[in-house]
Amino acid sequence: MNVLSQTSAAEHSLEEGARGAKAPHVHLKGVTRIYPAVANNPEVHALASTDLDLPQGSFFSLIGPSGCGKSTLLDIVAGLASPTEGTVMFEGKRIEGRPPEGVGVVFQEDSSFPWLTVWNNVAFGLRRKRIDKAEMAKRVDAILAFTGLSDFAQAYPAQLSGGMRQRVCIARTLVLQPRLILLDEPFGALDQQTRLLMGDELLRIWRETGATIMMITHSLDEAAMLADHVGVMSARPGKFIEIIETGWPRDRTSEIVSEARFGSITAHMWSLLREESQKAMKAR
Amino acid sequence: MSKAGWIRLVIVIAFFGALEIMCRIGWIDRLTMIPPTEMAEALWSMLLAGSITEDVLYSLRNTVAAVALSVLAGFVCGVIVHALPRLRRILDPLFASYYAVPVFVFYPLLVVIFGINATPLILIGAMFGIVAMLISTLTGLDRVPRVMFKSARMFQLDPLRSALLIKLPSAAPHLITGVKLAVVYSVIAVVAGEFILSSKGIGHRIAYAYNDFDSRTMYGLLLLLLTAVTVVTMSLHMWEHRLHSRWAKQ
Ligand SMILES: Nc1ncnc2c1ncn2[C@@H]1O[C@H](COP(=O)(O)OP(=O)(O)OP(=O)(O)O)[C@@H](O)[C@H]1O
Ligand SMILES: [Mg+2]
């Protein structure tokens, strides 16, 4: 399934040229994951052998039926879990169960720190680095403005809605300017309009920073609109059934949803997913 | 105050009122117990005269030291045991049966080792409190959503920072439960220790007054002890509730 590196090379030749990197930014080879049996629970074969190459600065979306191993794959790429078999490389170095520097994750669950204000939540990672106060304040304020949280800087997570808390987590990750951004259903708690706007903003950040993004989503529209490539996964044990190239220009916005091509991409995704989702539902 | 709070207050007042009446009309004789108002009055005059200041401060210092020791050691041990599931499986039954063991029998032994001074009192107080704190730490860490620990790892925190910056605050509402128990257990152990073998402290004064048929001093000091422990645990209890609702993000 190494389609990615060839198909998107032309599109990203600019950044890649500037960084002089030809090797993929993220490289997975033969990655599997089996959760061992614990007490009465049998072992779970979460991920079948998976290969994936993400070029520097690409935007990859991951869709698949519930429980097919998407979050598992993300944990492995983040270095939070070790694959049962196979290798994972980030920037040419092997990741072995330890998160490398330069990777940021927004988790599926709310992970905002309830004991810190919104401002301090966002500043948490920056405080661990040697950055001077003024620069830190500037970066935090900028990212709060981007996520629409400026008015809530001094509020605690308990005072916010679920969607706002999720934005706190997004801000907390983006403020560190990671080179690889992993997002697990980041807009799940947001309403449709905010989703579209946040999607646009995410595209803008992606263009400006040249970061590589891998994003899990349940929304076919979101995947089709945001990504260069959409990986469609099978029911558990998850593997890629197809990797769809969207072919959007790099400076796209949510307006592409009105294009005919957008409709045909989502229709194709659904035709692939329909059967798998039924399988996943029956398996419960 | 909430309706339940008012009812609670009424119950407490009714209890002391009934006690007062029973003592005054002679159902309870004066050698057994004096009326609560007289206890308060006795305490007040002792405090004014300064006759108990030294003993109160002595017990207070020992209790604070014992609580600090048990909370700190209990938390540190809890974090370590939590990180080592295999060790935990071995130790869990021991923790569960700890309070069935009469730990207090070690007090005379500690006195033999350290002499009649503050050290054995602080140690026995800490021995009483530490396991309560340890168990609360384990429970607290068990309830912390896994995603919090994942976040800690993404921020590249070393074990110490991860414990202080993520684990401690995440588990805070449960840790306060541990502190509350540590306070209660430590007070019991310190006062009981002073009662048995000590040259100073509230417990020592109570024992002395008891043998002297000095009900005013004895009940005055008991009232002080009761009030102090109630105020401390009630404040911790309220703090615990506030944190629980904030941590639940509701
Ligand atoms: N720690 C674990 N131990 C055992 N099994 C697990 C563990 N974590 C996940 N699983 C199982 O592995 C499978 C894949 O889980 P995963 O969370 O990766 O799915 P997902 O695709 O992210 O699902 P969703 O779309 O619902 O978030 C599921 O069947 C799940 O029950
Ligand atoms: Mg998931």
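So, here's what we can say about the structure.

The rules behind each value
Residues numbered from 1 in each chain as written. Chains lettered and ligands numbered in written order. Predicted model: local features only at pLDDT ≥ 70, side-chain atom pairs only at ≥ 80, totals over all residues. Heavy atoms only, no water. Pairing = 2+ DSSP bridges. Helix = DSSP H or I, 4+ residues; strand = E, 2+ residues; numbered from the N terminus. Axes fitted to C-alpha atoms, helices over the stretch in contact; angles between N-to-C directions. Parallel < 35°, antiparallel > 145°, perpendicular 65-115°, else oblique. Left-handed = near helix turned anticlockwise from the far one by under 90°. Contact = heavy atoms within 4.5 Å. Nonpolar A, V, L, I, M, F, W, Y, C, P; charged D, E, K, R; others polar. Buried area = accessible area lost by both parts, 1.4 Å probe. Salt bridge = Lys/Arg side-chain N within 4 Å of Asp/Glu carboxyl O. Polar contact = N/O pair within 3.5 Å; in protein donor to acceptor, adjacent residues only side chain to side chain. Near = heavy atom within 4 Å. Areas by Shrake-Rupley, 256 points an atom, 1.4 Å probe, with all protein chains shown as cover.

Here we look at the sheet that holds strand β7 (residues 180–184) of chain A
Hydrogen bonding along the main chain pairs the strands of a sheet, whether they run parallel or antiparallel.
Residues and elements named next belong to chain A.
Consideration 1: Reading across from one edge, β6-β7-β8-β3-β9-β10 is the order of the 6 strands in this open sheet, with mixed pairing throughout. Here the strands that pair on one side only, and so sit at the sheet edges, are β6 (103–106) and β10 (240–245). Within this sheet the neighbouring strands show an average axis-to-axis angle of 15°, counted without direction.
Consideration 2: With 4 bridges joining them, strand β3 (residues 59–63) and strand β9 (residues 229–233) adopt parallel strand pairing. Each residue of the ladder has a partner; that of L62, found in β9, is G231.

Here we look at the packing of helix α4 (residues 118–127) of chain A against helix α5 (residues 133–146) of chain A
Residues and elements named next belong to chain A.
Consideration 1: It is at 10 Å that the axes of α4 and α5 come closest, and there the two elements cross at 130°. Viewed along their axes, α4 and α5 adopt a mutual orientation that is oblique. Crossing of α4 against α5: the hand is right-handed. Only M136, A137, R139, V140, D141, I143 and L144 of α5 make contact with α4, whose side of the interface consists of V118, W119, V122, A123, L126 and R127.
Consideration 2: Residue classes in the contact of α4 with α5 are distributed as 10 nonpolar, no polar and 3 charged.

Concerning the interface of chain A and chain B
Consideration 1: The interface is formed by 28 residues belonging to chain A together with 18 residues belonging to chain B.
Consideration 2: In total, about 2100 Å² of surface goes out of reach between chain A and chain B, with carbon and sulfur atoms giving 68% of it.
Consideration 3: Counting across the interface, chain A meets chain B through 1 salt bridge.
Consideration 4: Ionic pairing is found between K150 of chain B and D75 of chain A, a salt bridge with its closest N-O pair at 2.8 Å.
Consideration 5: Where chain A packs against chain B, one counts 4 residue pairs in polar contact (both at pLDDT 80 or more).
Consideration 6: The set of elements that each furnish at least two residues to the side of chain A that touches chain B consists of α3 (70–78), β6, α4 and α6 (162–174) of chain A.
Consideration 7: Residues that form the side of chain A that touches chain B fall into these classes: 15 nonpolar, 5 polar and 8 charged.

Overview of the site of ligand 1
All names here are of chain A.
Consideration 1: Near ligand 1, the surroundings consist of 13 residues, among which S66, K70, S71, T72 and R236 are the closest.
Consideration 2: Y35 has a polar side-chain atom sitting 3.4 Å from a nitrogen atom of ligand 1.
Consideration 3: A distance of 3.2 Å is found between an oxygen atom of ligand 1 and a backbone nitrogen or oxygen belonging to C68.
Consideration 4: Protein chains bury 66% of the 640 Å² of accessible surface belonging to ligand 1 in isolation.
Consideration 5: The element contributing the most residues to the shell around ligand 1 is α3, with 3 residues.
Consideration 6: Here the shell around ligand 1 is composed, by residue class, of 4 nonpolar, 7 polar and 2 charged.

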